[in-house]
Amino acid sequence: MNKKSNNTSIKKPSTPVRKLVGAKKPNVVGAVKPNNNIKKSTPIQNKPTRNNTPTKKSQKVEEPSEDEEEEEDYEDSEEEIENKKSNLLDSDDDEEEEDDDFNRKNSGAFSDQNKKLFKMKGAETEEGEESEDGEDEDDEEDSGEETNFERKVKKAQIKAKVEKAKDDEEIKNPILPDDVSDETTDEEGEGEKEEGEEEEAKKDNLLGIDLPMVYQRIKDVIATLEDFNSQRKAGISRQVYMDRLKEDICTYFGYSSWLVDVFLKIFNAAEALEFFEANETHRPLTIRANTLKTRRKDLAEALIARGVHLEPIKWSQVGLTIYDTQVAIGATPEYLAGQYIQQSASSFLPVLALAPQPNERVLDMCASPGGKTTYIAAMMKNTGTLVANDVNKERIKSLVANIHRLGVKNCVVSNMDGREYPSVLAGFDRVLVDAPCVGLGVISKDPQIKISKSEQDVITCTHTQKELLLRAIDAVDANSATGGIIVYSTCSLTVEENEAVVDYALRNRDVIIVDTTIEFGVDGFTSFRESRFHPSLALTKRYYPHTHNMDGFYVAKLKKRSNTIPSEQQKQKQKKRKEVSSEEDTESDSNTIPSEEQQKQKQKKRKEVSSEDQDTESDSSIKKQKQSNNNTNNNNTNNNNKNNLNNSNKKNKLSKNRYVKKQVQNKSQKKK
Amino acid sequence: MRPLTEEESKVFFEKLIKFIGKNVTLLIQRKDEPYCFRIQKNKVYYVSEELMKRSQNIPRDSLASLGTCFGRFTKTGKFKLNITCLDYLAQYAKYKVWVKPTSEMSWMYGNNLLKAGLGRITEDTPANQGVVLFTMNDVPIGFGVTAKSTFECRKLDPTALVVYHYGDVGEYLRDEDTLF
């Protein structure tokens, strides 16, 4: 425990608070003692022995040339260190200046809020300490009570720190104003011991995390980015600022750098910060009244009688937000009697968009744990046919339990891959695909997502999502009198998992996007960086934790126009073409010398095929993308034809050669 | 998924009759829509015929549930009613017991009902009769078997058993893993 407290004192930021740091100094020395032969006044020396690389960097950073004299005053300090420092210091004048800036900046950032920041720090630096301890002594880390997750976070943070130290020289400048020279000289006069402390503190800042400072810097950078032309420091590109911002966010919020990248592409810097902050707090607890068994009003009264503070959700007929409760909300008699279900507000949305009607046939492709399924059943008033499916056998239990508890009687539950559906059961009026996703919208529920997910997860997810959506569209009957609706939703925010998947469906099936009928939400992207989507994707809706105070979500509503599958039509045409070309081949093989007439016939055939293609083009010309698609396909097929032509020509030549040879042979035979 | 055999139907309906008496016929001959009982993996489901036909397409191994589960056959051939059929039992129950709010939670943790928790009881309920239990707000919370008749109940002291526990809605939480 002593060690920990020592470390905290070490990490505190440098300049303005020296007295504090100085006061704790004895502790520091005590902690260091075991490894150390040297006298008290030189705590600096311990550090270099412990972590070589970072300290060197930190020295570089921290020592302006003016300090040299004072350092000489350290009677007890080791010569080696002095040498290193002086080497570093002498090396580059420009660098020194930059370093000065950095020091000033640090002091500037802290001077206003010192007290607060330090108080916070006492609480927050624990992570930092422990991680440092971890470096020093592995045993200690193991014995600690941290969870795996915490360890991971810490490791990530340490990495970030080290990287940060590397980049510091470049990046300090942009953030700091240039006007600082006087302060530093004044401060230096204060005394050797304090100076030593200061250095140490600085070094530890680079190793340990100074969260408040990082946060302040995030804010500064964002402010700069928002008014880039006037606030930027000359000669520093936006990219440098962005890199700094990414790193700081990684450090402060504990995300993987890939994830920060993803979100910085979706949001602008300021909005991204709001988003990250929103992920640190929990969304309000919401429940849905089960209209099969009760009414929202009655339920609210019953729960209020049990000491639950709640309020109806304005945009929903059945939702209640729970602010405060004295009883376990998942174990009241009302809950067990199936009068309500705990369900996040965002998962109301896809069902509202689906708008199932009584006596329809509805499929919920990825149903567990049944919140949406039971909502669909309630909207259908327990009539018609509801098929709920889920791949995961473990999750099926909760699905069945919820279906029975809420008194759903029109439901069949199947446990298989949703992609098998059109072959097992088809002809549905409506299908809901709440696809499995990376879950970037529910980070507040499961913080592990911050580091556990990678780009590879997104790639695998999008693949299954595309397959599921196409199968879902296939399972719908376009001629349905009331429906023909497909709703696609995810609780993730990446464009790859959302707009791109729907766009893919638009290109491969005869569907159009219709309005979700939900009044709020952010419009979907029609263009995102290098990708361009169909303009109607603006009708899809996105929901963000920081703007709507619900889990991040995406909802798209599709209407099926016909049961034909464009891609299969194309395949059939390609087959025709192949048949034609294969005929050519066989002809060319069989007839050693193709006559001119035959060649003309073949050309005619080819023309017919290509004219068919043009016809199909005009049909699908409604959608530009499809057109382009077809064009590319046609080009391909044309190429194929050309290849075939070439091949056949070659064969002709070959056969001619053979013919010539034969003739020669014949002649020779005759001669004989 | 298949219809019940004669043997199975006999065992099943005997059990059901204990709770809802002659109303069993109302379950089978419904005016709105034809319903039927089907057995799938030892569990008996009560399901509309249309839904039953649709679910015939689904492979037997992947069919997890259809309609409402009434209970299951044990390996020894006995039938056990599950709490999932409470809706129908409550709808057709002949004899009912109302539980005082103070004893609701005790019942939902799987305990027997004592005289102290007895709010109301249907007139002339015999002993050893299947009953459905309600809260005082008429929300069904389980079913059980009476230990004493209505007449005897009046004289009992507060700690005496009135209804033996058979099933309660708390099982949705307690036995979710084994129930489904």
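The name an unreviewed UniProt entry gives chain B is 60S ribosome subunit biogenesis protein NIP7 homolog, with Dictyostelium purpureum as the organism. Recorded in UniProt for chain B, the comment headed Sequence similarities (unreviewed entry) runs: "Belongs to the NIP7 family." The Function (unreviewed entry) field of the UniProt record for chain B holds the comment "Required for proper 27S pre-rRNA processing and 60S ribosome subunit assembly."

The name given to chain A in an unreviewed UniProt entry is SAM-dependent MTase RsmB/NOP-type domain-containing protein, with the source organism recorded as Dictyostelium purpureum. In the Sequence similarities (unreviewed entry) part of its UniProt record, chain A is described as follows: "Belongs to the class I-like SAM-binding methyltransferase superfamily. RsmB/NOP family." The record in UniProt for chain A states the following under Subcellular location (unreviewed entry): "Nucleus, Nucleolus".

1. A few points about the side chain of Thr540(A)
Residues and elements named next belong to chain A. Looking at the secondary structure, you find Thr540 in the loop between β13 (531–532) and β14 (541–543). Take Thr540: its relative accessible area is 0%, and that puts it in the buried class. A distance of 2.7 Å separates a polar side-chain atom of Thr540 from the backbone oxygen of Leu537. For Thr540, the side chain forms a polar contact with the side chain of Tyr554, separated by 3.0 Å. Those residues in contact with Thr540, other than ones at most four positions away along the chain, are Ile513, Val522, Asp523, Gly524, Tyr554, Val555 and Ala556.

2. So, the pairing of strand β1 (residues 35–40) of chain B
Counting buried residues along β1(B), 6 of its 6 residues qualify, which places the element largely inside the surrounding structure. Because side chains alternate across β1(B), one face comprises the buried residues Tyr35(B), Phe37(B) and Ile39(B), and the other comprises Cys36(B), Arg38(B) and Gln40(B), equally buried.

3. Some thoughts on the side chain of Ser316(A)
Looking at where Ser316(A) falls in the secondary structure, it is placed in the loop between β2 (308–312) and β3 (319–325). If near-sequence neighbours (up to four positions away) are discounted, Ser316(A) is found in contact with Arg296(A), Phe348(A) and Tyr375(A).

4. Some words on the interface of chain B and chain A
Counting from both sides, the interface comprises 30 residues of chain B and, opposite them, 31 residues of chain A. Of the roughly 2,700 Å² buried between chain B and chain A, counting both surfaces, carbon and sulfur atoms make up 64%. It is Leu51(B), Arg54(B) and Phe180(B) in chain B that bury the most area against chain A; as a group they hold 20% of the surface buried on that side. Our count for the contact surface shared by chain B and chain A stands at 3 salt bridges. Our count for the chain B to chain A interface comes out at 10 residue pairs in polar contact (both at pLDDT 80 or more). Going through the elements one at a time, α3 (49–55), β3 (63–66), β4 (68–73), α4 (86–92), α5 (101–108), α7 (171–174) and α8 (176–179) of chain B are the ones with two or more residues in the side of chain B that touches chain A.

Parameters and conventions
- Residues numbered from 1 in each chain as written.
- Chains lettered and ligands numbered in written order.
- Predicted model: local features only at pLDDT ≥ 70, side-chain atom pairs only at ≥ 80, totals over all residues.
- Heavy atoms only, no water.
- UniProt positions renumbered as here; feature names shortened; annotations may be inferred.
- Helix = DSSP H or I, 4+ residues; strand = E, 2+ residues; numbered from the N terminus.
- Buried < 20%, exposed > 50% of the residue type's maximum accessible area, 1.4 Å probe, protein only.
- Polar contact = N/O pair within 3.5 Å; in protein donor to acceptor, adjacent residues only side chain to side chain.
- Contact = heavy atoms within 4.5 Å.
- Buried area = accessible area lost by both parts, 1.4 Å probe.
- Salt bridge = Lys/Arg side-chain N within 4 Å of Asp/Glu carboxyl O.

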